[in-house]
Amino acid sequence: MSLLVKKWEELADVKDELAKRDWFFATSGNLSIKVTDEPLTFLVTASGKDKRKRTAEDFLLVDASGKPAEPTHLKPSAETLLHVEIYNKTNAGCVLHVHTIDNNVISELYGDAKEVTFTGQEIIKAFGLWEEDAVVRIPIIKNYAHIPTLADEFSKHVKDDAGAVLIRNHGITVWGRDAFEAKKFLEAWEFLFSYHVKLLAFKRAIMSV
Ligand SMILES: CSCCC(=O)C(=O)COP(=O)(O)O
Ligand SMILES: [Zn+2]
């Protein structure tokens, strides 16, 4: 099996798993996986597709600037520039972007603070933090409609080989050294968001009784 086919299958499997969680509302979301380092190439989801379906046109290979690396009628994700920032600045191997109700609610609740932190949750160990008082922080940026501006703002928070950024009332972008790590971190963030949203709602309901 060629490296390209292996990476295609790996990304398609991650896409199927995220689809099972119903994290691709209304064609939202985009995913990518690095294929080669020199020159940099990565597979990215084609724009506007229903990411719940598995087809031969789900991904296309792009170069370090996010342009198709081979002739194709497919258009790379409209948000490919965010993936470009990550692969050019870090050794990340996979980038996952999903819009969920929970990540949108959290981004709106804490958008003015430009970040949200979580502590006291066992799931934080998924980030490799084993201390009892470990704190995880995720930055929240404005959802600029102009993608190069969004990518510039996003890029300020791209420093390590693994990380995550919330785009306000839009979604989360998570990256990791490989697909396994990116998916693990994405699931951990979504767990924290969902827990927090539910806890706040329950507390509010109890207070109003
Ligand atoms: C319908 S969602 C609007 C675009 C978006 O935010 C997204 O994640 C999907 O865009 P793509 O071009 O990657 O399909
Ligand atoms: Zn999006």
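Scroll up to find the structure this text is about.
Parameters and conventions
Residues numbered from 1 in each chain as written. Chains lettered and ligands numbered in written order. Predicted model: local features only at pLDDT ≥ 70, side-chain atom pairs only at ≥ 80, totals over all residues. Heavy atoms only, no water. Helix = DSSP H or I, 4+ residues; strand = E, 2+ residues; numbered from the N terminus. Rg over C-alpha atoms; globule rule 2.2 N^0.38 Å. Contact = heavy atoms within 4.5 Å. Areas by Shrake-Rupley, 256 points an atom, 1.4 Å probe, with all protein chains shown as cover. Lys, Arg positive; Asp, Glu negative; His and termini not counted. Charge placed at Lys NZ, Arg CZ, Asp CG, Glu CD. Donors = N, O, S within 2.8 Å, 3.2 Å for Na, K, Ca; no water. Buried < 20%, exposed > 50% of the residue type's maximum accessible area, 1.4 Å probe, protein only. Pairing = 2+ DSSP bridges.

Undergrad: What am I meant to see in the overall build of the protein here?
TA: Tallying secondary structure elements over the protein gives five helices and eight strands in all. When its helices and strands are written in sequence order, the protein yields α-β-β-β-α-β-α-β-β-α-β-β-α. In terms of overall size, the protein behaves like a compact globule, its C-alpha atoms giving a radius of gyration of 17 Å where 209 residues would be expected to give roughly 17 Å. Across its three principal axes, the protein shows a C-alpha extent of roughly 60 × 35 × 35 Å. When contacts within the protein are restricted to residue pairs at least 6 apart in sequence, long-range pairs at least 24 apart make up 62% of them. Accessible area of the protein: about 10,800 Å², with a carbon and sulfur share of 56%. Between the mean site of the 27 positive side-chain charges and the mean site of the 31 negative ones, the protein shows a separation of 4 Å.

Undergrad: Any chance you could explain the coordination of the zinc ion (ligand 2) here in plain terms?
TA: Put simply, a metal with four donors set out as a tetrahedron has ideal angles of 109.5 degrees, and one with six donors set out as an octahedron has ideal angles of 90 or 180 degrees. Looking at the metal site, the zinc ion (ligand 2) is ligated by E79 (OE), H97 (NE2), H99 (NE2) and H170 (NE2), spaced 2.1 to 2.6 Å from it. Owing to a relative accessible area of 22%, H99 belongs among the partly exposed residues under this scheme.

Undergrad: Could you clarify how one ought to interpret the pairing of strand β5 (residues 115–119) in this entry?
TA: Working note: regular strand, side chains alternate between the two faces of the sheet. Here β5 shows one buried face, formed by V116 and F118, and one open face, formed by E115, T117 and T119. Two elements, β5 and strand β6 (residues 135–141), share five bridges in a ladder whose sense is antiparallel. Residue pairing across strands places F118 opposite V136, the latter belonging to β6.

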